[in-house]
Amino acid sequence: MARGGQGLVRVACVVRAGAAPLWWLGLPAAGIGVLVPGMTGRRIGVLAGAALFLLAAVVVALRHRGRYTALARGAARAGKHDVLQDRAVTVRNWRRGHRWWLLLAFLAALGSAFAVPAAGGMLLAGAGGGLWLKAAWLGRRERADRTLLWVRVDRLVRGGRPAGRAVRAYRGTGISAGDAAPGGSRRRAAELV
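No experiment lies behind these values; they were computed from the predicted model shown. (Residues numbered from 1 in each chain as written. Predicted model: local features only at pLDDT ≥ 70, side-chain atom pairs only at ≥ 80, totals over all residues. Heavy atoms only, no water.)

Student: Is there a simple way to explain the packing of aromatic side chains in this structure?
Tutor: What describes a pair of aromatic rings is the distance from one ring centre to the other and the angle between the planes of the rings. Per the stated rule, a full pass over the model turns up three aromatic pairs. For the pair Trp-23 and Trp-132, a centre-to-centre distance of 5.9 Å together with 65° between the ring planes defines the contact as edge-to-face. Of this pair, Trp-23 sits in helix H2 (residues 19-35) while Trp-132 is found in helix H6 (residues 119-145), placing the two residues 109 residues apart along the sequence. What makes Trp-23 partly exposed here is its relative accessible area of 22%. Between Tyr-68 and Trp-137 the ring centres are 6.4 Å apart and the planes differ by 85°, which places this aromatic pair in the edge-to-face class. With Tyr-68 in helix H4 (residues 65-73) and Trp-137 in helix H6, this residue pair connects regions lying 69 residues apart in the sequence. Look at Tyr-68 and you get buried, because its relative accessible area is 5%. If you follow Arg-10 out to its NZ or CZ, it ends over the ring of Trp-150, 5.7 Å from the centre. (Phe/Tyr/Trp six-rings, centres within 6.5 Å; stacked < 30°, edge-to-face > 60°. Helix = DSSP H or I, 4+ residues; strand = E, 2+ residues; numbered from the N terminus. Buried < 20%, exposed > 50% of the residue type's maximum accessible area, 1.4 Å probe, protein only. Lys NZ or Arg CZ within 6 Å of the ring centre and 35° of its normal.)

Student: I keep staring at the side chain of Thr-69 and nothing clicks. Help me out?
Tutor: You can see Thr-69 is positioned in helix H4. Take Thr-69: its relative accessible area is 17%, and that puts it in the buried class. Separated by 2.8 Å, the side chain of Thr-69 and the backbone oxygen of Arg-65 make a polar contact. With near-sequence residues (within four places) excluded, Thr-69 lies in contact with Trp-137 and Arg-141. (Polar contact = N/O pair within 3.5 Å; in protein donor to acceptor, adjacent residues only side chain to side chain. Contact = heavy atoms within 4.5 Å.)

Student: Any chance you could explain H6 here in plain terms?
Tutor: The terminal C-alpha atoms of H6, which comprises 27 residues, lie 39 Å apart, in line with the 39 Å expected from a rise of 1.5 Å per residue. Phi turns positive one or two residues past the end of H6, at Arg-146, with a value near 55°. (Expected span 1.5 Å × (residues − 1).)

Student: It is not clear to me how H4 should be interpreted in this structure. Could you clarify?
Tutor: Because each turn of an α-helix spans 3.6 residues, side chains separated by three or four positions in sequence point in the same direction. If you check which residues of H4 are buried, you get Tyr-68, Thr-69, Leu-71 and Ala-72. Mapping the buried residues of H4 onto a view down its axis gives an arc of 165°, with all of them on the same face. Exposed residues lying more than 90 degrees from the buried face of H4 are Gly-66 and Arg-73. Packed against the buried residues of H4 are helix H1 (11-17), H6 and strand E4 (148-152). (Arc of directions from axis to C-beta.)

Student: Help me out: how do you make sense of the sheet that holds strand E2 (residues 76-77) in this one?
Tutor: Across a sheet, paired strands are connected by hydrogen bonds in the backbone, their directions being either parallel or antiparallel. One open sheet holds the five strands; their spatial order is E2-E5-E4-E1-E3, and the pairing between them is mixed. Every other strand in the sheet has two partners, leaving E2 and strand E3 (83-84) as the edge strands with one partner each. In the sheet, E4 pairs with strand E5 (residues 171-173) via three bridges, with the strands oriented antiparallel. Paired with Leu-148 across the two strands is Thr-173, which belongs to E5. (Pairing = 2+ DSSP bridges.)

Student: Sorry if this is basic, but what is going on with the layout of surface pockets here?
Tutor: To find the voids left in a structure, one rolls a probe of water-molecule size over its atoms. In this structure, the largest pocket occupies an estimated 820 Å³ of space. Leu-22, Arg-63, Trp-94, His-98 and Leu-131 are the residues nearest the centre of the largest pocket, which is lined by 28 residues in total. Among the elements of the structure, H1, helix H5 (87-112) and H6 are those that each provide at least two residues to the lining of the largest pocket. (1 Å grid on protein atoms, 1.4 Å probe; cavity = no way out; pocket = protein on both sides within 12 Å on 5 of 7 lines; lining within 4 Å. Points joined across faces, edges and corners; volume = space filled by probe spheres on them.)

Student: Can you help me understand the nonpolar core in this one?
Tutor: The tendency in soluble globular proteins is for nonpolar side chains to be buried as a group. Ranked by internal contacts, the top residues of the largest apolar core, which has 29 residues, are Val-11, Val-15, Leu-22, Tyr-68, Leu-138, Val-151 and Tyr-170. Broken down by secondary-structure element, the contributors of at least two residues to this core are H1, H2, H4, H5, H6 and E4. The dominant element in this core, judged by the number of residues it contributes, is H6, at six residues. (Core = buried A, V, L, I, M, F, W, Y, C linked by side-chain atoms within 4.5 Å.)

As C-alpha coordinates, then:
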(Lines give C-alpha, C1' and ligand atoms only; values in the text may rest on other atoms or scores of the structure.)
Protein backbone atom coordinates (compact mmCIF):
# COMPACT_ATOMS: atom_id res chain seq x y z
CA MET A 1 0.00 0.00 0.00
CA ALA A 2 1.35 3.40 -0.93
CA ARG A 3 2.28 5.88 1.82
CA GLY A 4 1.09 3.83 4.76
CA GLY A 5 -2.33 2.98 3.35
CA GLN A 6 -4.04 -0.27 4.31
CA GLY A 7 -6.31 -2.65 2.47
CA LEU A 8 -9.89 -2.39 3.72
CA VAL A 9 -12.81 -4.73 3.16
CA ARG A 10 -16.50 -3.96 3.71
CA VAL A 11 -17.89 -5.55 6.87
CA ALA A 12 -21.34 -6.14 5.33
CA CYS A 13 -19.80 -7.77 2.24
CA VAL A 14 -17.90 -10.25 4.41
CA VAL A 15 -21.07 -11.09 6.34
CA ARG A 16 -23.12 -11.43 3.15
CA ALA A 17 -20.47 -13.54 1.35
CA GLY A 18 -21.45 -16.70 3.24
CA ALA A 19 -25.20 -16.29 2.86
CA ALA A 20 -25.64 -17.53 -0.71
CA PRO A 21 -23.43 -20.65 -0.45
CA LEU A 22 -25.09 -21.78 2.78
CA TRP A 23 -28.58 -21.11 1.39
CA TRP A 24 -27.97 -22.80 -1.97
CA LEU A 25 -26.22 -25.80 -0.44
CA GLY A 26 -28.91 -26.15 2.23
CA LEU A 27 -31.86 -26.23 -0.17
CA PRO A 28 -30.68 -29.20 -2.28
CA ALA A 29 -29.51 -31.01 0.87
CA ALA A 30 -33.01 -30.58 2.33
CA GLY A 31 -34.63 -31.63 -0.96
CA ILE A 32 -32.51 -34.76 -1.23
CA GLY A 33 -33.06 -35.41 2.48
CA VAL A 34 -36.83 -35.51 2.00
CA LEU A 35 -36.38 -38.44 -0.39
CA VAL A 36 -34.80 -40.54 2.39
CA PRO A 37 -37.33 -41.96 4.89
CA GLY A 38 -34.82 -41.72 7.76
CA MET A 39 -35.18 -43.09 11.28
CA THR A 40 -37.69 -40.48 12.43
CA GLY A 41 -39.82 -40.39 9.28
CA ARG A 42 -40.29 -37.54 6.80
CA ARG A 43 -42.98 -35.64 8.70
CA ILE A 44 -40.96 -35.36 11.91
CA GLY A 45 -37.80 -34.61 9.91
CA VAL A 46 -39.43 -31.71 8.03
CA LEU A 47 -40.98 -30.30 11.23
CA ALA A 48 -37.64 -30.55 13.04
CA GLY A 49 -35.95 -28.99 10.02
CA ALA A 50 -38.39 -26.06 10.04
CA ALA A 51 -37.67 -25.45 13.73
CA LEU A 52 -33.91 -25.68 13.09
CA PHE A 53 -34.24 -23.30 10.12
CA LEU A 54 -35.91 -20.64 12.27
CA LEU A 55 -33.55 -21.18 15.21
CA ALA A 56 -30.43 -20.96 13.01
CA ALA A 57 -31.69 -17.84 11.24
CA VAL A 58 -32.41 -16.05 14.52
CA VAL A 59 -29.17 -17.12 16.25
CA VAL A 60 -26.94 -16.22 13.29
CA ALA A 61 -28.72 -12.89 12.71
CA LEU A 62 -28.39 -11.83 16.36
CA ARG A 63 -24.95 -13.27 17.15
CA HIS A 64 -22.26 -10.67 18.00
CA ARG A 65 -24.60 -7.70 17.44
CA GLY A 66 -23.17 -5.98 20.49
CA ARG A 67 -19.63 -6.40 19.16
CA TYR A 68 -20.61 -5.02 15.73
CA THR A 69 -22.31 -2.06 17.41
CA ALA A 70 -19.32 -1.30 19.65
CA LEU A 71 -16.86 -1.50 16.75
CA ALA A 72 -19.11 0.66 14.56
CA ARG A 73 -19.46 3.28 17.29
CA GLY A 74 -15.66 3.60 17.52
CA ALA A 75 -15.02 3.58 13.76
CA ALA A 76 -12.27 5.99 12.69
CA ARG A 77 -12.31 7.71 9.32
CA ALA A 78 -10.50 5.78 6.57
CA GLY A 79 -7.27 7.34 5.39
CA LYS A 80 -6.67 8.97 2.03
CA HIS A 81 -4.24 6.23 0.99
CA ASP A 82 -6.30 3.25 2.18
CA VAL A 83 -7.29 0.83 -0.59
CA LEU A 84 -10.92 -0.31 -0.68
CA GLN A 85 -11.39 -3.93 -1.76
CA ASP A 86 -14.02 -4.72 -4.41
CA ARG A 87 -17.11 -6.66 -3.40
CA ALA A 88 -16.33 -9.48 -5.87
CA VAL A 89 -12.85 -9.95 -4.40
CA THR A 90 -14.31 -10.09 -0.88
CA VAL A 91 -16.84 -12.75 -1.89
CA ARG A 92 -14.19 -14.79 -3.74
CA ASN A 93 -11.78 -14.65 -0.78
CA TRP A 94 -14.48 -15.71 1.70
CA ARG A 95 -15.62 -18.62 -0.44
CA ARG A 96 -12.07 -19.73 -1.16
CA GLY A 97 -11.20 -19.63 2.54
CA HIS A 98 -14.31 -21.60 3.55
CA ARG A 99 -14.76 -24.02 0.62
CA TRP A 100 -13.78 -27.14 2.59
CA TRP A 101 -16.05 -26.17 5.50
CA LEU A 102 -18.91 -25.64 3.06
CA LEU A 103 -18.30 -29.05 1.49
CA LEU A 104 -18.17 -30.75 4.90
CA ALA A 105 -21.36 -28.96 6.00
CA PHE A 106 -23.15 -30.07 2.83
CA LEU A 107 -22.02 -33.69 3.27
CA ALA A 108 -23.02 -33.62 6.96
CA ALA A 109 -26.46 -32.26 6.01
CA LEU A 110 -26.88 -35.07 3.46
CA GLY A 111 -25.70 -37.69 5.95
CA SER A 112 -28.04 -36.44 8.65
CA ALA A 113 -31.00 -37.21 6.37
CA PHE A 114 -30.64 -40.89 7.24
CA ALA A 115 -31.50 -39.99 10.84
CA VAL A 116 -33.74 -36.91 10.48
CA PRO A 117 -34.81 -36.24 6.85
CA ALA A 118 -34.30 -32.69 5.53
CA ALA A 119 -33.32 -31.25 8.93
CA GLY A 120 -29.60 -30.79 8.20
CA GLY A 121 -30.25 -29.03 4.91
CA MET A 122 -32.82 -26.74 6.48
CA LEU A 123 -30.35 -25.90 9.25
CA LEU A 124 -27.77 -24.90 6.62
CA ALA A 125 -30.31 -22.80 4.72
CA GLY A 126 -31.35 -21.13 7.98
CA ALA A 127 -27.74 -20.12 8.67
CA GLY A 128 -27.57 -18.57 5.20
CA GLY A 129 -30.82 -16.72 5.81
CA GLY A 130 -29.49 -15.45 9.13
CA LEU A 131 -26.41 -14.02 7.41
CA TRP A 132 -28.66 -12.18 4.94
CA LEU A 133 -30.65 -10.76 7.85
CA LYS A 134 -27.44 -9.65 9.61
CA ALA A 135 -26.17 -7.98 6.42
CA ALA A 136 -29.52 -6.19 6.04
CA TRP A 137 -29.28 -5.00 9.65
CA LEU A 138 -25.76 -3.69 8.99
CA GLY A 139 -27.06 -1.95 5.87
CA ARG A 140 -29.80 -0.18 7.84
CA ARG A 141 -27.21 0.92 10.38
CA GLU A 142 -24.89 2.19 7.63
CA ARG A 143 -27.72 4.18 6.05
CA ALA A 144 -28.79 5.65 9.39
CA ASP A 145 -25.22 6.67 10.29
CA ARG A 146 -24.38 7.69 6.68
CA THR A 147 -21.13 5.72 7.10
CA LEU A 148 -19.97 2.50 5.42
CA LEU A 149 -18.06 0.19 7.77
CA TRP A 150 -14.72 -1.31 6.74
CA VAL A 151 -12.20 -3.61 8.41
CA ARG A 152 -8.53 -4.20 7.66
CA VAL A 153 -7.99 -7.16 5.33
CA ASP A 154 -5.12 -8.53 7.42
CA ARG A 155 -7.43 -8.82 10.46
CA LEU A 156 -9.74 -11.37 8.82
CA VAL A 157 -9.27 -15.10 9.29
CA ARG A 158 -9.67 -16.98 5.95
CA GLY A 159 -11.48 -13.92 4.58
CA GLY A 160 -14.18 -14.03 7.27
CA ARG A 161 -15.03 -13.08 10.89
CA PRO A 162 -15.37 -9.29 10.71
CA ALA A 163 -16.25 -9.19 14.42
CA GLY A 164 -13.61 -11.71 15.53
CA ARG A 165 -11.02 -11.24 18.26
CA ALA A 166 -8.34 -10.11 15.79
CA VAL A 167 -10.51 -7.14 14.74
CA ARG A 168 -9.80 -4.20 17.02
CA ALA A 169 -11.45 -1.36 15.10
CA TYR A 170 -13.50 -0.48 12.05
CA ARG A 171 -12.88 2.30 9.58
CA GLY A 172 -15.61 4.45 8.10
CA THR A 173 -16.12 6.10 4.72
CA GLY A 174 -18.86 8.09 3.06
CA ILE A 175 -21.97 6.27 1.91
CA SER A 176 -20.93 6.29 -1.77
CA ALA A 177 -17.46 4.74 -1.34
CA GLY A 178 -16.69 1.35 -2.87
CA ASP A 179 -18.71 -0.73 -5.31
CA ALA A 180 -21.25 -2.19 -2.85
CA ALA A 181 -24.40 -0.61 -1.47
CA PRO A 182 -25.13 -0.44 2.28
CA GLY A 183 -25.69 -4.00 3.46
CA GLY A 184 -23.13 -5.44 1.01
CA SER A 185 -25.34 -5.90 -2.05
CA ARG A 186 -24.37 -4.79 -5.54
CA ARG A 187 -24.99 -1.15 -6.32
CA ARG A 188 -27.66 -0.51 -8.90
CA ALA A 189 -26.68 1.35 -12.05
CA ALA A 190 -28.63 4.41 -10.86
CA GLU A 191 -26.58 4.52 -7.63
CA LEU A 192 -23.28 4.50 -9.52
CA VAL A 193 -24.11 7.65 -11.53
